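Topology and contacts: notes
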Amino acid sequence: MTEPLELLRQQRLDGLWHESFKHYIRMALIGRNHENESSFEATVRKAIDCRAFGYADLSQAIIYLTSHDVEGFRNERLFNFFLNNGVAEIEKRVKLAFACLLTAVGIP
């Protein structure tokens, strides 16, 4: 899914599902940097602020970690994502994910 930010700039939409947040924060939650970033720190910094992706303010980005539309590599339900990536303490990672969701810039 793409994030057509131009629709926001044209004022055709008020907000978008921030798909990139999900991809970036999931990589951070398993201790890896996103493939588009050179470091773990850059991944986290970009993930927590939707303005780094081109959103004008926090009211335009709907951030989420998982949804009912799940299929494909690294897009599975959050529990399965952790399980498939060898995370041992899944409950702790889910709690961390929830804290990230509630403190990142955007609407959870």
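Anything mentioned here points back to the structure above.
Each chain carries its own residue numbering, running from 1 in the written order of its sequence. Selection of residues for local features in this predicted model requires a pLDDT of at least 70, selection of side-chain atom pairs for listing and counting requires 80 or more, and totals for whole chains, interfaces and linings are taken over all residues. Side-chain metrics in this entry use all non-hydrogen atoms of the structure; hydrogen atoms and water are not considered.

**Points about the pattern of salt bridges**
Any Lys or Arg side-chain nitrogen found within 4 Å of a carboxyl oxygen on Asp or Glu counts as a salt bridge. Tallied over the entire structure, the rule returns seven salt bridges. Between Lys-46 and Glu-37 there is a salt bridge, with its nearest N and O atoms 3.7 Å apart. Salt-bridge contacts for Glu-91 lead to Lys-95; the nearest nitrogen and oxygen are separated by 3.3 Å. One end of the pair is Glu-91 and the other is Lys-95, both in helix H5 (residues 90–103) and four residues apart, which spans about a single turn. In this pair, the class of Glu-91 matches that of Lys-95, namely exposed. To qualify as a helix, a DSSP run of H or I must reach at least 4 residues; to qualify as a strand, a run of E must reach at least 2; elements of each kind are numbered from the N terminus. Burial classes follow relative accessibility: with a 1.4 Å probe on protein chains only, a residue under 20% of its type's maximum area counts as buried, one over 50% as exposed, and anything between as partly exposed.

**So, the side chain of Glu-76**
On the secondary structure map, Glu-76 appears in the loop between strand S2 (61–62) and helix H4 (78–84). For the buried Glu-76, which has no salt bridge, the nearest side chain bearing the opposite charge is Arg-26, at an N-O separation of 4.2 Å. We call two N or O atoms a polar contact when they sit within 3.5 Å, provided that within protein one can donate a hydrogen and the other can accept it, with sequence-adjacent residues counted only if both atoms are side-chain atoms. Here the side chain of Glu-76 touches Asn-84 through a polar contact of 2.8 Å, side chain to side chain. His is not counted, nor are the chain ends, whereas Lys and Arg count as positive and Asp and Glu as negative.

**Looking at the nonpolar core**
Buried Ala, Val, Leu, Ile, Met, Phe, Trp, Tyr and Cys residues that are joined via side-chain atoms within 4.5 Å together make up what is termed a nonpolar core. Of all hydrophobic cores here, the largest spans 25 residues; its most connected members are Phe-21, Ile-25, Tyr-55, Leu-65 and Phe-82. With five residues, the single largest contributor to this core is helix H2 (residues 19–29). Whether two residues touch is decided by their heavy atoms; if any such pair falls within 4.5 Å, the residues are in contact. Not counting the four nearest positions on each side in its chain, Tyr-55 is found in contact with Glu-3, Leu-5, Leu-8, Leu-16, Trp-17, His-18, Cys-50, Gln-60 and Ala-61.

**So, the environment of Phe-73**
Take Phe-73: it is sitting in the loop between S2 and H4. What makes Phe-73 exposed here is its relative accessible area of 72%.

**Considerations on the layout of surface pockets**
A pocket here means an open set of points on a 1 Å grid, computed over the protein atoms alone, that has protein on both sides within 12 Å along at least five of seven lines. A cavity is instead a set of points where a 1.4 Å probe fits but cannot get out; residues with an atom within 4 Å of a point line either one. Grid points are joined across faces, edges and corners, and a volume is the space filled by probe spheres set on the points. In this structure, the largest pocket occupies an estimated 200 Å³ of space. Residue lining of the largest pocket: Ser-20, His-23, Tyr-24, Arg-26, Met-27, His-34, Glu-35, Asn-36, Phe-73, Arg-74 and Asn-75, and that is the complete set.

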